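This is what each chain is made of:
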Amino acid sequence: MMPDPAPEVARDVPAADAGRRHLIACICCDAVYQRTDLAEGERAQCLRCGGTLYRESTRAYHRLLPLVVTALILFLVSNVFPIVEMDLKGIHTQTTLWGAVQALYADRNMALVALLVFATTILFPLAEMLMMLYLLAPMARHRLPAGFEHVLRCIQRTRPWGMIEVYLLGVVVTLVKLSTVADIVPGAALWSFSALVVVMAVMLSFDPRDLWQYVKKEPLQ
Ligand SMILES: [Zn+2]
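Just so it is clear, the structure is predicted and the values come from calculations on it, not from any experiment.

Caption draft 1: Broad picture of helix H7 (residues 188–204). The first and last C-alpha atoms of H7 sit 24 Å apart over 17 residues, in line with the 24 Å expected at 1.5 Å per residue. Of the residues making up H7, those classed as buried are Ala 189, Leu 190, Ser 192, Phe 193, Leu 196, Val 197, Val 199, Met 200 and Met 203.

As structure tokens, this is what we get:
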């Protein structure tokens, strides 16, 4: 696997280094190709394994910042309002996402599960959104934020750990099962959480590796 091209491509670099930065490796079979500009809607495909190398994503890049802001708002709503309200034999109870994590943590045997739920539904998704915001907000003004390389690598490492869609699926299955023994009222957070899953899916369809290429095109000086 070739390393990501370095971001300082806008600066003066030796010719050999500049040529190397136009190379792209297939993430499936490690075949290396010369990167060329694509027309709108096109995608480059690996000749050896058929995997997608990269897409023309100028439009996606410009839509990314509003998507990240939308995702952050939905994330806030999802954590402030209750996910579910439940009536069982006259006892009314409700819980938020954070409340569910705390309830799990209070059970000694479920502490590890609580940590996993916290990491995969709160910590990593929030960290990725904040890091994307940190990169995209200055880039929208044609500026390169400090520590660009580290933050972008961190996004790529964090991404596989965000699993809010798995959590949502678990919540929905649980609610359907509980509905036979208790009155279940889906809370505001459940709807915002569902919307967040859709927004995140669109956001995650953008390959963060493409940002290296856009940095090269921006007039950063
Ligand atoms: Zn391949």
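Structure shown, so let's carry the discussion forward.
Caption draft 2: The arrangement of the coordination of the zinc ion in detail. Surrounding the zinc ion are the protein donor atoms Cys 26 (SG), Cys 29 (SG), Cys 46 (SG) and Cys 49 (SG), which sit 2.3 Å from the metal. With 4 donor atoms in place around the zinc ion and angles of 101 to 116 degrees between them, the coordination shape is tetrahedral. Between the donor residues of the zinc ion, the gaps in sequence give the motif C-x2-C-x16-C-x2-C. With a gap of 20 residues between them, Cys 26 in the loop between strand S1 (23–25) and strand S2 (32–34) and Cys 46 in the loop between strand S3 (43–45) and strand S4 (52–55) connect regions that are remote in the sequence. Given a relative accessible area of 0%, Cys 26 falls into the buried group.

Caption draft 3: Examining the environment of Glu 165 more closely. As for its position among the elements, Glu 165 is in helix H6 (residues 164–178). Residue class for Glu 165 comes out partly exposed when judged on its relative accessible area of 40%. Put simply, Glu 165 and Ala 201 are 36 residues apart on the chain and 9.0 Å apart in space, counted from C-alpha to C-alpha.

Caption draft 4: Highlighting the sheet that holds strand S7 (residues 183–186). What the 3 strands build is an open sheet, ordered S6-S5-S7; its pairing is antiparallel. The open sheet has two free edges, formed respectively by strand S6 (91–95) and S7, since each of these has just one partner strand. For this sheet, the mean inter-axis angle between neighbouring strands, taken without regard to orientation, is 15 degrees. Summarising the sheet, strand S5 (residues 84–88) and S7 pair through 4 bridges and their orientation is antiparallel. Looking across to S7, one finds that Met 86 is bridged to Ile 184.

Caption draft 5: Just helix H5 (residues 148–158), in detail. Restricting attention to buried positions, one finds in H5 the residues Phe 148, Val 151, Leu 152, Ile 155 and Thr 158. Along the axis of H5, the buried residues cluster in a sector spanning 130 degrees; they form a single face. Opposite the buried face of H5, at more than 90 degrees from it, the exposed residues are His 150 and Arg 157.

Caption draft 6: Inspection of the packing of helix H3 (residues 97–106) against helix H4 (residues 111–140) at higher detail. Relative orientation of the contacting elements H3 and H4 amounts to 160 degrees, with a least axis distance of 7 Å. On the basis of their axis angle, the class for H3 and H4 is roughly antiparallel. Of the two possible hands of crossing, H3 and H4 adopt the one that is left-handed. Two secondary-structure elements touch here, H3 through Leu 97, Trp 98, Val 101, Leu 104 and Tyr 105 and H4 through Ala 111, Val 113, Ala 114, Val 117, Phe 118, Thr 121 and Ile 122. Residues of the contact of H3 with H4, tallied by class, amount to 11 nonpolar, 1 polar and no charged.

Definitions and limits used
Residues numbered from 1 in each chain as written. Predicted model: local features only at pLDDT ≥ 70, side-chain atom pairs only at ≥ 80, totals over all residues. Heavy atoms only, no water. Helix = DSSP H or I, 4+ residues; strand = E, 2+ residues; numbered from the N terminus. Expected span 1.5 Å × (residues − 1). Buried < 20%, exposed > 50% of the residue type's maximum accessible area, 1.4 Å probe, protein only. Donors = N, O, S within 2.8 Å, 3.2 Å for Na, K, Ca; no water. Tetrahedral: all angles 85-135°; square planar, octahedral: opposite > 155°, others 65-115°. Pairing = 2+ DSSP bridges. Axes fitted to C-alpha atoms, helices over the stretch in contact; angles between N-to-C directions. Arc of directions from axis to C-beta. Parallel < 35°, antiparallel > 145°, perpendicular 65-115°, else oblique. Left-handed = near helix turned anticlockwise from the far one by under 90°. Contact = heavy atoms within 4.5 Å. Nonpolar A, V, L, I, M, F, W, Y, C, P; charged D, E, K, R; others polar.

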